[in-house]
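# Inside the fold
Each chain, written out:
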Amino acid sequence: MMLNLLELLPPAWRAELAPFLDPAATEALGAFVGEQYANHTVYPPVEDLFAAYRLCSPEQTRVLILGQDPYHGPGQAHGLSFSVRDGVRVPPSLRNVYKELAADVGVPPPAGGDLTGWARQGVLLLNAVLTVRAGAAASHKGKGWEVFTDATIRALDARPDRVVFLLWGAYARKKAELVTNSAHTVIESGHPSPMNGGRDFFGARMFSAANKALADAGRTPINWDPRE
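Predicted model only: the values in this text are computed from it and were never measured.

Moving on to the pattern of salt bridges. Scanning the entire structure with this criterion turns up 7 salt bridges. Between Arg-159 and Glu-16 there is a salt bridge whose closest N-O contact spans 2.7 Å. With Arg-159 in the loop between α7 (145-157) and β5 (164-168) and Glu-16 in helix α2 (residues 11-17), this pair connects stretches of sequence that are 143 residues apart. Residue classification places Arg-159 among the buried residues on the basis of a relative accessible area of 16%. We classify Glu-16 as partly exposed; its relative accessible area is 22%. As a salt-bridge pair, Arg-205 and Glu-100 come within 3.1 Å of each other at their nearest N and O atoms. Here Glu-100 lies in helix α5 (residues 92-105) and Arg-205 lies in the loop between β6 (185-189) and α9 (206-216), a separation of 105 residues in the sequence.

This part takes up the UniProt feature "domain: Uracil-DNA glycosylase-like" (unreviewed entry) in the protein. Within this structure's numbering, the places UniProt gives as "domain: Uracil-DNA glycosylase-like" (unreviewed entry) are residues 54-214. Segment residues 54-214 splits into 30% helix and 14% strand. End C-alpha atoms: 22 Å apart.

This part covers the pairing of β6. Alternating positions in β6 separate cleanly, Thr-185, Ile-187 and Ser-189 being buried on one face and Val-186 and Glu-188 remaining unburied on the opposite face. The sheet contact formed by β5 and β6 spans 5 bridges and is parallel. In the sheet register, Leu-167 faces β6, and the bridge partner there is Glu-188.

Looking now at the packing of aromatic side chains. Applying the stated criterion across every chain yields a total of 13 aromatic pairs. Pairing Phe-50 with Trp-145 gives two aromatic rings, centres 6.3 Å apart and planes at 85 degrees, and the pair type is edge-to-face. In this pair, Phe-50 sits in the loop between β1 (42-43) and α4 (51-55) while Trp-145 sits in helix α7, placing the two residues 95 residues apart along the sequence. In this structure, Phe-50 and Trp-145 share a single accessibility class: buried. Centroid distance Trp-118 to Phe-207: 6.1 Å. Interplanar angle 50 degrees. Geometry classified as tilted. One end of the pair, Trp-118, is in helix α6 (residues 116-121); the other, Phe-207, is in helix α9, and 89 residues separate them in sequence. Aromatic rings pair up to connect Phe-82, Trp-118, Trp-168, Phe-201, Phe-202, Phe-207 and Trp-224 into one cluster.

Note on placement: Asn-211 falls in helix α9. Within the local environment of Asn-211, its side chain forms a polar contact with the side chain of Trp-224, the two groups lying 3.5 Å apart. Excluding its chain neighbours within four sequence positions, the residues that come into contact with Asn-211 are Pro-221, Ile-222 and Trp-224.

Glancing now at α9. Note: α-helices contain 3.6 residues per turn, so residues at a spacing of three or four share the same orientation. Burial in α9 covers these residues: Met-206, Phe-207, Ala-210, Asn-211, Ala-213 and Leu-214. The buried residues of α9 occupy an angular sector of 160 degrees when the element is viewed end-on, so they sit on one face. For α9, the exposed residues lying more than 90 degrees away from the buried face are Lys-212 and Asp-216. Residues of α9 that are buried in the fold lie against β2 (63-67), α5, α6, β5 and β6. A positive backbone phi angle near 80 degrees is found at Gly-218, which sits one or two residues after α9.

Moving on, we come to the nonpolar core. Within soluble globular proteins, side chains that are nonpolar tend to cluster in buried spots. Counting residues in each nonpolar core, the largest one holds 70 residues, and the members touching the most others are Ile-65, Trp-118, Trp-145, Phe-148, Leu-166 and Trp-224. Ignoring sequence-local partners within four residues, the contact set of Trp-145 consists of Leu-5, Leu-29, Val-33, Leu-49, Phe-50, Ala-128, Val-129, Leu-130, Thr-131 and His-140.

Once that is clear, we can look at unusual backbone geometry. With an omega of -5 degrees, the peptide bond running from Tyr-43 to Pro-44 counts as cis. Position of Pro-44 among the secondary structure elements: in the loop between β1 and α4. With a phi angle near 60 degrees, Ala-138 is a residue other than glycine that sits in the positive phi range. With respect to the element layout, Ala-138 can be found in the loop between β4 (132-133) and α7. In this structure Ala-138 comes out as partly exposed when scored by relative accessible area, which is 37%. The phi torsion at Arg-205 lies on the positive side, around 55 degrees, for a residue other than glycine. With relative accessibility at 34%, the residue Arg-205 sits in the partly exposed group.

Reading the values: the criteria
- Residues numbered from 1 in each chain as written.
- Predicted model: local features only at pLDDT ≥ 70, side-chain atom pairs only at ≥ 80, totals over all residues.
- Heavy atoms only, no water.
- Salt bridge = Lys/Arg side-chain N within 4 Å of Asp/Glu carboxyl O.
- Helix = DSSP H or I, 4+ residues; strand = E, 2+ residues; numbered from the N terminus.
- Buried < 20%, exposed > 50% of the residue type's maximum accessible area, 1.4 Å probe, protein only.
- UniProt positions renumbered as here; feature names shortened; annotations may be inferred.
- Pairing = 2+ DSSP bridges.
- Phe/Tyr/Trp six-rings, centres within 6.5 Å; stacked < 30°, edge-to-face > 60°.
- Polar contact = N/O pair within 3.5 Å; in protein donor to acceptor, adjacent residues only side chain to side chain.
- Contact = heavy atoms within 4.5 Å.
- Arc of directions from axis to C-beta.
- Core = buried A, V, L, I, M, F, W, Y, C linked by side-chain atoms within 4.5 Å.

And the structure:
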């Protein structure tokens, strides 16, 4: 099974990413991902692989939140970083995101973990690696996804309208060097994972800071309540 990743992308994203991708490397990644889907249980389901891109076009993107790896448990990953479908237990990292959200902008913690409402407003919920084998965290790390998602960051950096990059944790913060356009804003903090103990995440007030950066550039702020 061979996946043509560029054909699966929405056309607007395909055009934006193409200048930053090597065709041979993208083809090799598609071959690897296709083989994994054909022979193993892989998350998210293939129809959700590019959900983040489908829900949030390049011109609509106002904020990027970068995760590292999809959730690797059954029914969790659906193509949006940190998000799970309603009815799935809210993961610990997202629970901490909700705590900071409440403290920063007064949004009561939602009962569910579906962040589709953010995506529809222009928050690109991107993981650095877009697939994972069931039960095996980071199993698709280093297979080529990082180059693909770095190209996404570079494509957004090339756009003239301000994008706010929220980089949580050491891995995401390494991507700050890809943002070179002074039109954009990078806001770094610790990771919301309980393993980090909330260090440099709680109290960072990144949601209000992102909205201020957007307003300063004349872009509409985000309504951070994902239920609306």
